[in-house]
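# A look at the structure
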Protein chains: 2
Amino acid sequence: MEKQSIIDMLEDHDIQPTQQRIEIAQILFAQDQHLSAEQVLNAVNQLGATVSKATVYNTLGLFADKGLVRQVIVDPSRVFYDSNTSEHHHLYNSDTGMLMDIDARQISIQHLPELPEGVVAEGVDVIIRVRSQASA
Amino acid sequence: MEKQSIIDMLEDHDIQPTQQRIEIAQILFAQDQHLSAEQVLNAVNQLGATVSKATVYNTLGLFADKGLVRQVIVDPSRVFYDSNTSEHHHLYNSDTGMLMDIDARQISIQHLPELPEGVVAEGVDVIIRVRSQASA
DNA sequence: GTCAGTGCAAACCCTTTGCAGAAAG
DNA sequence: CTTTCTGCAAAGGGTTTGCACTGAC
C-alpha cells in the first residue's frame, strides 16, 4: 500500500496523518495480519523509523476507536490488532500464539438471543481454540 | 453446595481438598457465575477465611487445568473464571463489565472449518459484545 | 518425616499516564 | 501561534514467582 493511499485512509477516518501514524499504518496494512503492540513497535523501528512505545499504544488505540483495526482478545497477556476488518472469526493456537482468520461464511450463527434492555450490540467474536497435538 | 460434595468434586478431579481450595470452591460453586481472581479473593476473605492472593491465583489456575472452571477471556485487563462448565456462550458489556451466559442452543454454529494439521480443537468461544445504550 | 500446598513480598509484563518538547496547520 | 501529537520515564494493575513456613497424610 503506498503512502498516499494510507494518508487518504487515515483522513477518511478523521485521523490526522502524522508521520508516526503513517508508518504504523504502513506496517499494519501491508497485509491482513494480527500484530501485538510490541510487534508493531519492533516492525516500525526495523524500518529505520523511530516511534516510541507510547505512540504505538496511542496509535493502535486510536485506530481501533476509528474502526481501522479490530482488537482481538484471545490471550490474557496481550491484545492483538487485526488489520482485516471484514467480517470474520478467529482460530487461536494457545501453544504457539498463532492466530488465523476464519471466513465468516464458514460459521453461521443461527439466531442471536434478544439483548438485555438498554444495550446495543457491538459485534460477535467467535474464537476456535486449538492446541498443538503433542501438548497437554 | 455442602462441604462434603465440594470435597468429592475436588477429589473426582484429582485435586487434594485442602482447606483453602474448599473455601474457594464453595464461593465459586455457590451458583453459576463469573468471578475475577480479585473478586474470589474478596469473597473468600469476607467469609472470615484467610486465603492469600497467591493461593487464589494458584487455585483458580489449577481448577481451570482440571476442568472445574472455565477461563473467560473477554477483557484484556482481567480473566474471569466461570463456574458453569456446561456448553454455553457469553454476552459481555464492556461498559459495565457485566458478563452473562447464553445458552449454547441459542446459537448454532453450522460447520466448523477443517483445522490446520497437527492441532486439536480445545473449544469454541462465542462472545457477543454489547455496550450500554447511552455510551459511545 | 516427607512432599505438596500456602503466604508474603518482590518481580514481571503489558499498558497507561504526566508532562515537556516537537510538529502540524 | 495554537493545538495536537510525540517521547521519555515513571506509575499502574493484574498475574507470577522465589522461597521459607505450614499442613496433609
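Reading the values: the criteria
- Residues numbered from 1 in each chain as written.
- Chains lettered and ligands numbered in written order.
- Predicted model: local features only at pLDDT ≥ 70, side-chain atom pairs only at ≥ 80, totals over all residues.
- Heavy atoms only, no water.
- Helix = DSSP H or I, 4+ residues; strand = E, 2+ residues; numbered from the N terminus.
- Buried < 20%, exposed > 50% of the residue type's maximum accessible area, 1.4 Å probe, protein only.
- Contact = heavy atoms within 4.5 Å.
- Lys, Arg positive; Asp, Glu negative; His and termini not counted.
- Charge placed at Lys NZ, Arg CZ, Asp CG, Glu CD.
- Pairing = 2+ DSSP bridges.
- Axes fitted to C-alpha atoms, helices over the stretch in contact; angles between N-to-C directions.
- Least-squares fit on C-alpha atoms with pLDDT ≥ 70 in both.
- Near = heavy atom within 4 Å.
- Polar contact = N/O pair within 3.5 Å; in protein donor to acceptor, adjacent residues only side chain to side chain.
- Nonpolar A, V, L, I, M, F, W, Y, C, P; charged D, E, K, R; others polar.
- 1 Å grid on protein atoms, 1.4 Å probe; cavity = no way out; pocket = protein on both sides within 12 Å on 5 of 7 lines; lining within 4 Å.
- Points joined across faces, edges and corners; volume = space filled by probe spheres on them.
- Salt bridge = Lys/Arg side-chain N within 4 Å of Asp/Glu carboxyl O.

### With respect to the overall build of chain A
Along its length, chain A carries four helices and six strands. If you list the helices and strands of chain A from N to C, you get α-α-β-α-α-β-β-β-β-β. Taking the principal axes of its C-alpha atoms as reference, chain A extends roughly 45 × 45 × 25 Å. Expressed as a percentage of the 136 residues in chain A, the buried residues total 43%. For chain A, the share of sequence-separated contacts (at least 6 apart) that also reach a separation of at least 24 residues comes to 46%. Across chain A, the centroid of the 9 positively charged side chains sits 7 Å from that of the 19 negatively charged ones.

### Considering the sheet that holds strand 3 (residues 78-82) of chain A
Residue and element names in this part refer to chain A. An order of 1-3-2 is seen for the three strands of this open sheet, with the pairing classed as antiparallel. At either margin of the open sheet sits one strand with a lone partner, and together these are strand 1 (34-36) and strand 2 (70-75). The average undirected angle you get between the axes of adjacent strands in this sheet is 40 degrees. Across three bridges, strand 1 lies against strand 3 in antiparallel orientation.

### Quick notes on the pairing of strand 6 (residues 119-132) of chain A
With four bridges connecting them, strand 4 (residues 88-93) of chain A and strand 6 of chain A associate as parallel partners. Within strand 6 of chain A, the residue paired with Asn-93 of chain A across the bridge is Val-130 of chain A.

### Some thoughts on the relation of the copies chain A and chain B
At an RMSD of 0.1 Å, chain A and chain B line up after a rotation of 180 degrees and a shift of 0.0 Å along the axis. Here the transformation between the copies is reduced to the relation of a two-fold axis. Closest to the rotation axis within chain A is the C-alpha of Val-126 of chain A, separated from it by 2.2 Å. Comparing interface residues between copies, 100% of those in chain A also lie at the interface in chain B; the contact surface is shared.

### Regarding the protein's contact with DNA strand C
Close to DNA strand C lie 16 residues, the nearest being Tyr-57 of chain A together with Thr-18, Gln-20, Arg-21 and Thr-55 of chain B. When the atoms of DNA strand C within 4 Å of the protein are sorted by group, sugar and phosphate make up 84%. Between Tyr-57 of chain A and DNA strand C, the recorded distance is 2.7 Å, taken from a side-chain N or O atom to a phosphate oxygen. Separating a phosphate oxygen of DNA strand C from a side-chain N or O atom of Thr-55 of chain B is a distance of 2.7 Å. Looking at which element gives the most residues to the surface near DNA strand C, the answer is helix 4 (residues 53-65) of chain A, with three residues. A class-by-class count of the residues in the surface near DNA strand C yields six nonpolar, seven polar and three charged.

### Here's the deal with the protein's contact with DNA strand D
The environment of DNA strand D is made up of 16 residues, and the closest members are Thr-18, Gln-20 and Thr-55 of chain A together with Tyr-57 and Ser-77 of chain B. Within the side chain of Arg-21 of chain A, an N or O atom sits 3.1 Å from a phosphate oxygen of DNA strand D. Thr-50 of chain A places a main-chain nitrogen or oxygen 3.1 Å from a phosphate oxygen of DNA strand D. Every element with two or more residues in the surface near DNA strand D is listed here: helix 2 (19-28) and helix 4 of chain A together with helix 4 (53-65) and strand 3 (78-82) of chain B. Per-element accounting of the surface near DNA strand D gives the leading share, three residues, to helix 4 of chain B.

### Description of the layout of surface pockets
Approximately 830 Å³ is the volume found for the largest pocket. Among the elements of the structure, strand 2 and strand 6 of chain A together with helix 4, strand 2 (70-75), strand 4 (88-93) and strand 6 (119-132) of chain B are those that each provide at least two residues to the lining of the largest pocket. For the lining of the largest pocket, a count of residues per class yields 11 nonpolar, eight polar and eight charged. For the second largest pocket, the lining is made up of 24 residues, of which Ala-64, Arg-70, Gln-71 and Glu-122 of chain A together with Arg-129 of chain B are closest to its centre. Sorting the residues of the lining of the second largest pocket by element identifies helix 4, strand 2, strand 4 and strand 6 of chain A together with strand 2 and strand 6 of chain B as the ones contributing at least two each.

### Things to note about the pattern of salt bridges
Per the counting criterion, the structure on display carries 10 salt bridges over all chains. In this structure, Asp-75 of chain A engages Arg-78 of chain A in a salt bridge whose closest nitrogen and oxygen atoms are separated by 3.1 Å. We classify Arg-78 of chain A as partly exposed; its relative accessible area is 33%. Between Asp-125 of chain A and Arg-129 of chain B there is a salt bridge, with the nearest N and O atoms lying 2.8 Å from each other. Of this pair, Asp-125 of chain A sits in strand 6 while Arg-129 of chain B sits in strand 6, on two different chains. Assessed through its relative accessible area of 15%, Arg-129 of chain B is described here as buried. A cluster of three or more residues bridged by salt bridges with shared partners is formed by Arg-70 and Asp-125 of chain A together with Arg-129 of chain B.

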